[in-house]
Amino acid sequence: MNTQPIGIFDSGVGGTSIWKAIYAVLQNESTIYLADSANAPYGNKTEKEIIALCVKNTEYLLSKNCKIIVVACNTATTNAIAYLRSKYSVPFIGIEPAIKPAALQTKTHAIGILATQGTLSSALFSSASKRFASHIKVIEQVGKGIVPLIEGGGLHSNKMRILLKTLLQPMLNNNIDYLVLGCTHYPYLIPMLLELLPSRVNIIDSGHAVAKQTKLILETHGLLNLSTNTPTRVFYTNGNKDVLQSLLGKPFNVDFLDF
Ligand code: DGL
């Protein structure tokens, strides 16, 4: 049982930012990563559509014997994780915008949240925002166009730089000192964001927190892989293999799979 893989899925390549954090803290675990790039972006789909895609991804990972599922996508988590937990008995780990630490630490009393439409309009996000940030200004910005650009290989493009400048401006006009990255594709933008943002702005990304939580859940369920077998790392995409490969930064093999 414990040698079974951890299943991880995202609407596309962005969840590899979570996979990397998990790989760093759980070196002994086998993983299967699914990039549902053929259906990206999830961010402008309805809750019903997002749930159906998450069920499809989960069913595939369960058919591969995964012991736990990491929903490495804010949009999928905020729209579908309650449904997934009610339907399946395996543990699910999700990710949602880290509004709480930003709201606790801001000195300018203004924070920015960059996320998809699907995340910002979800009930889970609005309840977290009310709970933790009602005393400060929260500048919400839909990252419209970012995910398709990354999926199309335009991470480092000038088009991305121009898009980010436009998206960040309302936040800067409101004097934010924390920027919360509410989409797992966005950590790949950090080098460009650091160039575009004034040094007072701190960037919060929750990848490491998700990895720590995954470790904790494996420990508490007695699911850690304690064997000495060499773990396997499998990557599937129903989109562009090269884009996924380029983000992994290590020569892991990526397979095309029509799931
Ligand atoms: N990585 C997904 C997220 O964290 C991207 C959503 C999308 O496909 O629009 O929300």
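Up top is the structure these notes are about.
Read on for a plain summary of the structure. (Residues numbered from 1 in each chain as written. Predicted model: local features only at pLDDT ≥ 70, side-chain atom pairs only at ≥ 80, totals over all residues. Heavy atoms only, no water.)

## As for the overall build of the chain
Note the threshold: Per the convention used, a helix needs a DSSP run of H or I reaching at least four residues, while a strand needs a run of E reaching at least two, with both numbered from the N terminus. Note that the radius of gyration is over C-alpha atoms, with the globule rule given as 2.2 Å times the number of residues to the power 0.38. Whether a residue is buried, partly exposed or exposed follows from its accessible area with a 1.4 Å probe, protein chains only, as a fraction of its type maximum: under 20%, in between, or over 50%, in that order. The contact criterion used throughout is that any non-hydrogen atoms of two residues lie within 4.5 Å. For the accessible areas, the method is Shrake-Rupley and the probe is 1.4 Å, while residue cover comes only from the protein chains on display. His is not counted, nor are the chain ends; Lys and Arg add positive charge and Asp and Glu add negative charge. For the purpose of locating charges, the reference atoms are NZ of Lys, CZ of Arg, CG of Asp and CD of Glu.
In terms of regular secondary structure, the chain is built from 11 helices and 10 strands. Taking 2.2 N^0.38 as the reference for a compact globule, 259 residues should give roughly 18 Å; the C-alpha atoms of the chain span a radius of gyration of 18 Å, in line with that estimate. Taken along its principal axes, the extent of the C-alpha atoms in the chain is 50 × 35 × 35 Å. When burial is assessed residue by residue, the chain has 55% of its 259 residues classed as buried. For the chain, long-range pairs separated by at least 24 residues make up 74% of all intrachain contacts whose partners lie at least 6 apart in sequence. Surface summary for the chain: the accessible area is close to 11400 Å², and the carbon and sulfur share equals 53%. Counting 23 positive and 16 negative side-chain charges, the chain places the averaged centre of each group 5 Å from the other.

## Thoughts on the site of the ligand
Rules: Distances are taken per atom, and a residue is near a molecule or strand as soon as one of its heavy atoms is within 4 Å of it. Under the rule applied, a polar contact is a pair of N or O atoms within 3.5 Å (in protein, one hydrogen donor and one hydrogen acceptor; residues adjacent in sequence only if both atoms are side-chain atoms).
Around the ligand, 13 residues are found, and the nearest of them are Ser11, Tyr42, Gly43, Thr75 and Thr184. For the ligand, an oxygen atom lies 2.8 Å from a polar atom in the backbone of asparagine 74. Burial of the ligand by the protein amounts to 99% of the accessible area it has alone, namely 300 Å².

## Structural notes on the pattern of salt bridges
The line we're drawing: For salt bridges, the criterion is a side-chain nitrogen of Lys or Arg within 4 Å of an Asp or Glu carboxyl oxygen.
Taken as a whole, this structure holds 4 salt bridges when the rule is applied. With a closest N to O distance of 2.6 Å, glutamate 29 and lysine 67 form a salt bridge. With glutamate 29 in the loop between α1 (16–25) and β2 (31–35) and lysine 67 in the loop between α2 (47–63) and β3 (68–71), this residue pair connects regions lying 38 residues apart in the sequence. Overall, the relative accessible area of 2% leaves lysine 67 in the buried class.

## So, the sheet that holds β3
Inclusion rule: The pairing criterion for strands is at least two bridges between them, as found by DSSP.
Across the sheet, 6 strands lie side by side as β4-β3-β1-β2-β9-β10; this open sheet has parallel pairing. Sheet topology places β4 (92–93) and β10 (254–256) at the edges, where each strand pairs with a single neighbour. Note: β3 against β4, 2 bridges, orientation parallel. Considered in β4, the bridge of valine 70 is made with isoleucine 93.

## Digging into the nonpolar core
Stated formally: Definition used in this section: a nonpolar core is a set of buried Ala, Val, Leu, Ile, Met, Phe, Trp, Tyr and Cys residues joined via side-chain atoms within 4.5 Å.
Formed by 54 residues in total, the largest nonpolar core has its most connected members in Ile146, Leu179 and Leu189. Beyond its immediate sequence surroundings of up to four residues, leucine 189 is in contact with Ile146, Ile150, Leu155, Met160 and Leu164. Within the second largest apolar cluster, 24 residues are counted, among which are Ile32, Ile50, Leu53 and Phe259.

## Some details on the pairing of β3
The alternating pattern of β3 places Ile68 and Val70 on one face and Ile69 and Val71 on the opposite face, and all of these are buried. Here 4 bridges tie strand β1 (residues 6–10) to β3, and the two strands are oriented parallel to one another. Bridge pairing in β3 links glycine 7 to isoleucine 69.

## Quick word on the environment of lysine 144
Its place among the elements puts lysine 144 in the loop between β6 (137–142) and α7 (146–151). On the basis of relative accessibility, which here comes to 67%, the residue lysine 144 falls in the exposed class. If sequence neighbours within four positions are ignored, lysine 144 has contacts with Leu163 and Leu167.

## Digging into the packing of α1 against helix α11 (residues 241–248)
Under the convention used in this document: Working convention: axes come from line fits to C-alpha atoms, limited for helices to the stretch in contact. Angles between N-to-C directions cover 0 to 180 degrees. Convention used here: angles under 35 degrees read as roughly parallel, angles over 145 as roughly antiparallel, angles from 65 to 115 as roughly perpendicular, and any remaining angle as oblique. Should the near helix be turned anticlockwise from the far one by less than a right angle, the crossing is termed left-handed; should it be turned clockwise, right-handed. Throughout, the ten residues Ala, Val, Leu, Ile, Met, Phe, Trp, Tyr, Cys and Pro are labelled nonpolar, Asp, Glu, Lys and Arg are labelled charged, and all others, Gly among them, are labelled polar.
At a closest axis distance of 10 Å, the pairing of α1 and α11 adopts a crossing angle of 40°. Overall, the two elements α1 and α11 adopt an arrangement that is oblique. For the pair α1 and α11, the sense of crossing is right-handed. Two secondary-structure elements touch here, α1 through Thr16, Trp19 and Lys20 and α11 through Leu244, Leu247 and Leu248. Residues of the contact of α1 with α11, tallied by class, amount to 4 nonpolar, 1 polar and 1 charged.

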